[in-house]
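Residues per chain are reported as follows:
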Amino acid sequence: MCGIIGYIGNKEASKILISGLEKLEYRGYDSAGLAVIDNKENKTSEINRNNNGNKTNNGNKTNNNNNNTLHIFKSKGRVSRLYSAILPGKIGIGHTRWATHGLPADKNSHPFLDEKKEFAVVHNGIIENYLELKEELREQGVQFSSETDSEVIVHLLAKHYSGDVKDAVLKTIRRLKGAYAFCVLKNNSEEIIGARNGSPLVIGLGNNENFFASDVSALVEHTKNVVYLNDFELSRIRHKDVEIFDFNGKKKELKIKKIDWDLEQAQKSGYKHFMLKEIFEQPQVIAESLKLELEIKKIPFLMPKKAEEFENKSLQKIILVACGTASYAGLVGKYLIEKIARIPVINETASEFRYKDPLVSKDDIVIAISQSGETADTLAAIRLAKQRGAKTLGFINVIDSTIAREVDHVIYTRAGLEIGVASTKAFTSQLVCLYLLAFQLAGKKMNSSSLIEKIKETLSLNKEIKELSEQYFNYSNFLYIGRNMNFPLALEGALKLKEISYIHAEAYPAGELKHGPIALVSEETPTLALCPQDEVYDKTLSNIEEIKARKGKVIALATQGDEKIKQVADNIIFIPKTDPIFYPLLSAIPLQLFAYHLADRKECDIDKPRNLAKSVTVE
Ligand code: AGP
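Positions within a chain are numbered from 1, following the residues in the order the chain's sequence is written. Only residues with pLDDT of 70 or above have their local features reported here, since the model is predicted, and side-chain atom pairs are shown and tallied only from 80 upward, although totals for entire chains, interfaces and linings are computed over all residues. Think of the side-chain values as coming from all heavy atoms in the structure, minus any hydrogens and water.

## Topic: the sheet that holds strand β8 (residues 119-127)
Now for step 1: If you trace the 7 strands from one edge of the open sheet to the other, you get β7-β8-β9-β10-β14-β15-β16, paired in antiparallel fashion. Two strands bound the open sheet, and with one partner strand each, they are β7 (112-113) and β16 (251-252).
Now for step 2: Pairing geometry for β7 and β8, over 2 bridges, is antiparallel. Note on β8: the bridge partner recorded for F112 is V121.
Now for step 3: Where helix α4 (residues 165-173) meets the sheet, its contacts fall on β8, β9 (178-186), β10 (192-197), β14 (233-237) and β15 (242-246), and the angle it forms with β9 comes to roughly 155°. Paired strands, in this sense, are two strands between which DSSP finds at least two bridges. A run of DSSP states H or I qualifies as a helix once it reaches four residues; a run of E qualifies as a strand once it reaches two. Both are numbered from the N-terminal end. Contacts were defined at the residue level, with two residues in contact if any of their heavy atoms lie within 4.5 Å. Angles here are taken between N-to-C directions and fall from 0 to 180 degrees, while the axes themselves are lines fitted to C-alpha atoms, restricted in helices to the stretch in contact.

Structure (C-alpha cells):
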C-alpha cells in the first residue's frame, strides 16, 4: 500500500521522483522521502525536517573517498513536502508511505539507510518475520533508527554485501518472509536494484534513462514501454540497460509491454476531485464494459450449457472472491446469476475465504473481482483456489496486474484509470461484467438498450443530491437498507459514505430491521432506503413506514412516477424507470453522489481519505 519509485538517467532525479510519487500518493500518504546519489560532492548527508518542514539537523556528514554521495530527505506528511529539499543527483529512489508498522513519523519514513550510510532502501509490503530478523541484527550490534519492519532490509543488505549489490539482494531476500517490492540504491554506484514478491513493481524503459515504480501511472509521462516484474524476480537498471533475474540469479528475458493510455486521462479534467470525474465517466465506462459480451461468451470453461452441468453436479459451484466494494459487486453477481441462470453461487470475502480451509475443488470455478488486481487477500484466495485445482477467472481493471496474470482467464473490466481511493466506475464496470456473465450462463441475450441514457439521466440528479446533502451532512450515523439486490447496494452506499465522509453508516437487509437494528432508529439516525419499484417494493415500503412510526428520517431511492413513496419518505431521490433487473446499476450513482457531496460539504479529503489507500497489497 505504499508507492515506490526509482530513476537513473541524465536528468536531475529529484523532481522526476517527486512527480512520480505524486501519481502514487493514492497508495498511501502518511510520509514521503527520497534518496539521491550526487556524483559531484564528496559527503553523505541525511536531512530530516520537523513537522514545520524545518531542518532538524544538518544530517550526518561523513566524508568518504569516492566521487559519489548519497543524500536522503524524508518527512512525515505529503509528497509535496519533498519539493522543499530538492537533492542534487541523477540517480535516486523515492517512497510515499501507508503506515503498517510504526506511526507516521520522520523516523519511520522511507528511505532507510544502513549504519554506514552506504545503502538506501524503499519498500512496499510487510516483512512478516521482521521481529526475529531485527533481534538477530541487534545481537550483532546493529542500531535501528525506526519502528518499522522495512528497515531490516537495508541492514541485511549491508551485512550481505561483498562487492555486488545484486548478490547482496539475492542473499537478503532468502531471509525475508512476507510481501515486498523494494528498491536499493548503493552509494558510489551507477545502478538501482528492484525486487518483488507479492507487491507490484514495474520497470519503465526510457531513452538513456530507466525507471522503477509501483505502477505505470508514475511512468507514463516518461515512457510507454514497461516491463512488469513477476513475483520472485529482481531487476538491475542502469542508464543504458535493464536486466531481470530470478531469485536464483538466473537471467531472464525482458517482456516489454506498451501502455495504451496517457497522463491526460489521469488528470481531473476540470472536476474538483478524481472521484467526481470518475462518477461522471460511468456512461462511457458502462458502454465500454457492455462491449465485453463477446469476450465473456468465449470464457473457455463457462459456456451457456453450464446450467445443466451444474444440475448434474459435473460442475459444483461458482465462487466469487473479492474485498470491499468489489465484494459488494460480487454479492449483486450472486443474486443475478442465481436468478437469471439458476446456478448456485457463493460470494466470499477474500480475507475470510483464504483462512477458512474453504470447500473448493477442481470442479469449481473461482472468480476474482478486483479493480487493482493487486489486493493481497484476493490474490491469496485465487492462489488457494488454484492449489485446489479450481478453474480461475478474473474480472480485473488494471491491465497486467498480478491477479490478472495469475488467473486462468482474465476479463478486463475497461473502467480505465481509477485514481479516487473510493471505487465508483470500477464498481459499475464490475456489475456490468456480472450481468453479462449471468445472461451468458443462462444462454440468454441481455437487453441493455436505453441503459446508457438512463445512466446519464441518473447523473443529472447531481445538483439535487448536492442540495440534499446540505440537510444531512451534520448527522453522525446513518442506516442503509434494501431488499434482494438492493441490499448489496445498501452495503456499497454505506461503505462509500463511511470511507470518504467518515460518517458512520450501517447497511442491513430491510427485512432484518425488526430483528434488532430498528433500535437504532431515532431522529438522530436517518435511513437511506433503496425502494425502487421492483418485486420487493411493497415490503420495503412497509419497512419505511416502520421507521417513520419511530420518528426516523427516511431518504428513499425510488422510481420516477412513484406516488406512494411520497406519502412516507422525508426526501426522495427518483431514479429513471427501467427493467427492475437493472436498478442496481442505476442506484449505484445516487449513492456515490450522496456520499461525495456529504464528504465535500464536510471538506474531507475525498480522493485520499484518511487511513485508506487505493490498493490494499498487504494483509
Ligand atoms: C472501494 O471504495 C474501497 N476503497 C475498497 O473497498 C476496495 O474496493 C477494496 O479494497 C478492493 O480493492 P480491489 O477492487 O482493487 O481489489
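Alright, that's what it looks like, and here's the rest.
## Let's talk about the state of the cysteines
Each disulfide consists of a covalent bond between the sulfur atoms of two cysteine residues.
Now for step 1: The criterion for a disulfide is a pair of cysteine sulfur atoms lying within 2.5 Å. With the rule as written, the count across this model stands at 0 disulfides.
Now for step 2: Summary of cysteine pairing: C183 is not part of a disulfide, and the nearest cysteine sulfur, belonging to C2, is at 12 Å.

## What to know about the packing of helix α6 (residues 282-290) against helix α14 (residues 451-459)
Now for step 1: Relative orientation of the contacting elements α6 and α14 amounts to 160°, with a least axis distance of 9 Å. When the axes of α6 and α14 are compared, the pair comes out roughly antiparallel. The way α6 lies across α14 gives a crossing that is right-handed. Contacts between α6 and α14 pair Q282, P283, I286, A287 and L290 from the former with I452, I455, K456 and L459 from the latter.
Now for step 2: Each residue receives one of three labels: charged for Asp, Glu, Lys and Arg, nonpolar for Ala, Val, Leu, Ile, Met, Phe, Trp, Tyr, Cys and Pro, and polar for the others, Gly being one of them. Tallied by class, residues from the contact of α6 with α14 come to 7 nonpolar, 1 polar and 1 charged. When an angle is under 35 degrees it counts as roughly parallel; over 145 it counts as roughly antiparallel; between 65 and 115 it counts as roughly perpendicular; any other value is oblique. Helix crossings are classified by the rotation of the near helix relative to the far one: an anticlockwise turn of less than a right angle makes the crossing left-handed, while a clockwise turn makes it right-handed.

## A word on the sheet that holds strand β19 (residues 345-349)
Now for step 1: Pairing in this open sheet of 5 strands is parallel, and the strands run β19-β18-β20-β21-β22 from one edge to the other. Both edges of this open sheet fall to β19 and β22 (409-412), since each of them pairs with a single strand only. Neighbour to neighbour, the strand axes of the sheet diverge by 20° on average, direction disregarded.
Now for step 2: The pairing of strand β18 (residues 318-322) with β19 spans 5 bridges and is parallel. Residue pairing across strands places V321 opposite E348, the latter belonging to β19.
Now for step 3: Running at roughly 165° to strand β20 (residues 365-370), helix α11 (residues 376-387) makes contact with β18, β20 and β21 (391-396) of the sheet.

## A closer look at the side chain of K166
Now for step 1: Take K166: it is sitting in helix α4.
Now for step 2: If we skip the residues at most four places from it in the chain, K166 touches I193, L234, R236 and F245.

## Topic: the pairing of β20
Now for step 1: Where burial is concerned, most of β20 is hidden: 6 out of the 6 residues are buried.
Now for step 2: Of the two faces of β20, the one carrying I365, I367 and I369 and the one carrying V366, A368 and S370 are both buried.
Now for step 3: Relative to β20, β18 runs parallel, the two being bridged by 4 bridges. Paired with I319 across the bridge in β20 is V366. A 1.4 Å probe rolled over the protein chains alone gives each residue an accessible area, and that area as a share of the maximum for its type sets the label: buried under 20%, exposed over 50%, partly exposed in between.

## A look at the nonpolar core
Now for step 1: Counting 90 residues, the largest nonpolar core has L302, F478, Y480 and F594 as its most contacted members.
Now for step 2: Beyond its immediate chain neighbours, meaning those up to four positions away, Y480 contacts A490, G493, A494, L497, A505, E506, A507, Y508, L528, L591 and F594. In these notes, a set of buried Ala, Val, Leu, Ile, Met, Phe, Trp, Tyr and Cys residues joined through side-chain atoms within 4.5 Å is what counts as a nonpolar core.

## Things to note about the packing of aromatic side chains
The relative placement of two aromatic rings is captured by the distance of their centres and the angle of their planes.
Now for step 1: Under the pairing criterion, centres of Phe, Tyr and Trp rings, with the six-membered ring standing for Trp, must be within 6.5 Å; the plane angle then separates stacked pairs below 30 degrees from edge-to-face pairs above 60, leaving the rest tilted. Evaluation of the coordinates by the stated rule reveals 12 aromatic pairs.
Now for step 2: In this structure an aromatic cluster arises from ring pairing among Y472, Y475, F478, Y480 and F594.
Now for step 3: Only lysine NZ and arginine CZ atoms are considered, and such an atom sits over a ring when it is within 6 Å of the ring centre and within 35 degrees of the ring normal. In this structure, R601 packs its charged tip against the face of F473, placed 4.0 Å from the ring centre.

## Here we look at the pattern of salt bridges
Now for step 1: A pairing counts as a salt bridge when a side-chain nitrogen of Lys or Arg comes within 4 Å of a carboxyl oxygen of Asp or Glu. As enumerated under the stated definition, the model contains 42 salt bridges in all.
Now for step 2: With its nearest N and O atoms 3.3 Å apart, the salt bridge here joins E136 to K159. Pair noted here: E136 is in helix α2 (residues 130-139) and K159 is in helix α3 (residues 151-160), with a separation of 23 residues, a long-range link.
Now for step 3: By relative accessible area, K159 is classed as partly exposed at 38%.
Now for step 4: One salt bridge connects D570 with K548, and the closest N-O pair in it is separated by 2.8 Å. Of this pair, D570 sits in the loop between β26 (554-559) and β27 (571-575) while K548 sits in helix α17 (residues 537-548); the two residues are 22 residues apart in sequence, bridging distant segments of the chain.
Now for step 5: With a relative accessible area of 28%, K548 lands in the partly exposed category.
Now for step 6: Bridged by salt links that share partners, the residues D164, E191, R236, R238, D241, E243 and K251 form one connected network.

## Regarding the site of the ligand
Now for step 1: Throughout, the term near means that a residue has one or more heavy atoms lying within 4 Å of the molecule or strand in question. Residues in close proximity to the ligand total 15 residues, the closest being S370, Q371, S372, T375 and E499.
Now for step 2: For the purposes of these results, a polar contact is taken to be a pair of N or O atoms within 3.5 Å, where, inside protein, one atom must be able to donate a hydrogen and its partner to accept one; residues adjacent in sequence count only when each atom of the pair is a side-chain atom. Between the ligand and S372 there is a distance of 2.7 Å, counted from an oxygen atom to a side-chain nitrogen or oxygen.
Now for step 3: At 2.5 Å, a side-chain N or O of T375 approaches an oxygen atom of the ligand.
Now for step 4: Note on areas: these come from Shrake-Rupley sampling with a 1.4 Å probe, and a residue is covered only by the protein chains present in the view. Across the complex, the protein chains shield 91% of the 410 Å² of accessible surface that the ligand would expose by itself.
Now for step 5: Those elements that provide at least two residues to the shell around the ligand are α9 (324-340) and α16 (486-501).
Now for step 6: Across the shell around the ligand, the residue classes tally to 6 nonpolar, 7 polar and 2 charged.

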